[in-house]
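A look at the structure
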Amino acid sequence: MSAIIPAQRFVPAVVAGADCPTWCTNDHATDLTSPEDLWHGSDYADLTAPVMGRGEDIVLFARLGMDPASKNPLRRQPFVVVADSSDAADMTPDAADAFADNLVAFAAQIRELARTAREVSRG
């Protein structure tokens, strides 16, 4: 019986003269075509929603990003990307905190909608 050996992730410690952040999960050995194309990305955090009769669907996903060669200085530092299937919003850490506060308020509104729907259904 052979042991299962987990796949290793290869991320060079230094790419194009810049340290790769510890949170970066990109395999730069295979995705880098030029130093200007280098970008860092973390694993994704997914927000799923149950869809009646279908199970769970991803509604939003988020990850860390950093684009060291970007013309936009804000993208040269770690930032948070929140996206759905059609669009993405890049946010500074402070903006991401404000967005998270909005998500908490949104969750409270969803609970209120669910409470109302439950009451109406009961008659």
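Here's what I pulled together on the structure shown here. (Residues numbered from 1 in each chain as written. Predicted model: local features only at pLDDT ≥ 70, side-chain atom pairs only at ≥ 80, totals over all residues. Heavy atoms only, no water.)

**What about the overall build of the protein chain?**
Broken down by element type, the protein chain carries 2 helices and 7 strands. Reading the protein chain from its N terminus to its C terminus gives the helix and strand order β-β-α-β-β-β-β-β-α. Within the protein chain, buried positions represent 17% of all 123 residues. A separation threshold of at least 6 residues defines the contact pool for the protein chain, and within that pool the share at least 24 residues apart is 16%. Surface accessibility of the protein chain: about 9300 Å² in total, with carbon and sulfur atoms responsible for 59%. (Helix = DSSP H or I, 4+ residues; strand = E, 2+ residues; numbered from the N terminus. Buried < 20%, exposed > 50% of the residue type's maximum accessible area, 1.4 Å probe, protein only. Contact = heavy atoms within 4.5 Å. Areas by Shrake-Rupley, 256 points an atom, 1.4 Å probe, with all protein chains shown as cover.)

**A word on the state of the cysteines**
Across all of its chains, the model carries 0 disulfides by this definition. Unpaired in terms of disulfides, Cys 24 finds its nearest cysteine sulfur in Cys 20, a separation of 3.7 Å. A relative accessible area of 1% means that Cys 24 is categorised as buried. (Disulfide = S-S within 2.5 Å.)

**Digging into the pattern of salt bridges**
Inspection of the entire model under this criterion finds 4 salt bridges. Asp 57 is the salt-bridge partner of Arg 54, the closest N and O atoms lying 2.2 Å from each other. Under the relative-accessibility criterion, Asp 57 is labelled partly exposed at 29%. When the shortest N-O distance is used, the salt bridge between Asp 90 and Arg 75 registers 2.1 Å. Taken together, the residues Asp 90 in strand β7 (residues 88-91) and Arg 75 in the loop between β5 (55-66) and β6 (79-83) connect sequence positions 15 residues apart. Owing to a relative accessible area of 43%, Asp 90 belongs among the partly exposed residues under this scheme. Salt bridges sharing common partners tie together Glu 112, Arg 115 and Glu 119. (Salt bridge = Lys/Arg side-chain N within 4 Å of Asp/Glu carboxyl O.)

**Points about the environment of Ala 45**
Among the structural elements, Ala 45 can be located in strand β4 (residues 45-51). Residues Ala 45 and Arg 63 lie 18 residues apart in sequence; the distance between their C-alpha atoms is 6.3 Å.

**Considering the pairing of β4**
Sheet topology places β4 next to β5; 7 bridges connect them, and they run antiparallel. Across the sheet, residue Val 51 finds its bridge partner in β5, namely Gly 55. Joining the antiparallel neighbours β4 and β5 is a turn of 3 residues, in which Gly 53 adopts a positive phi near 80°. (Pairing = 2+ DSSP bridges.)

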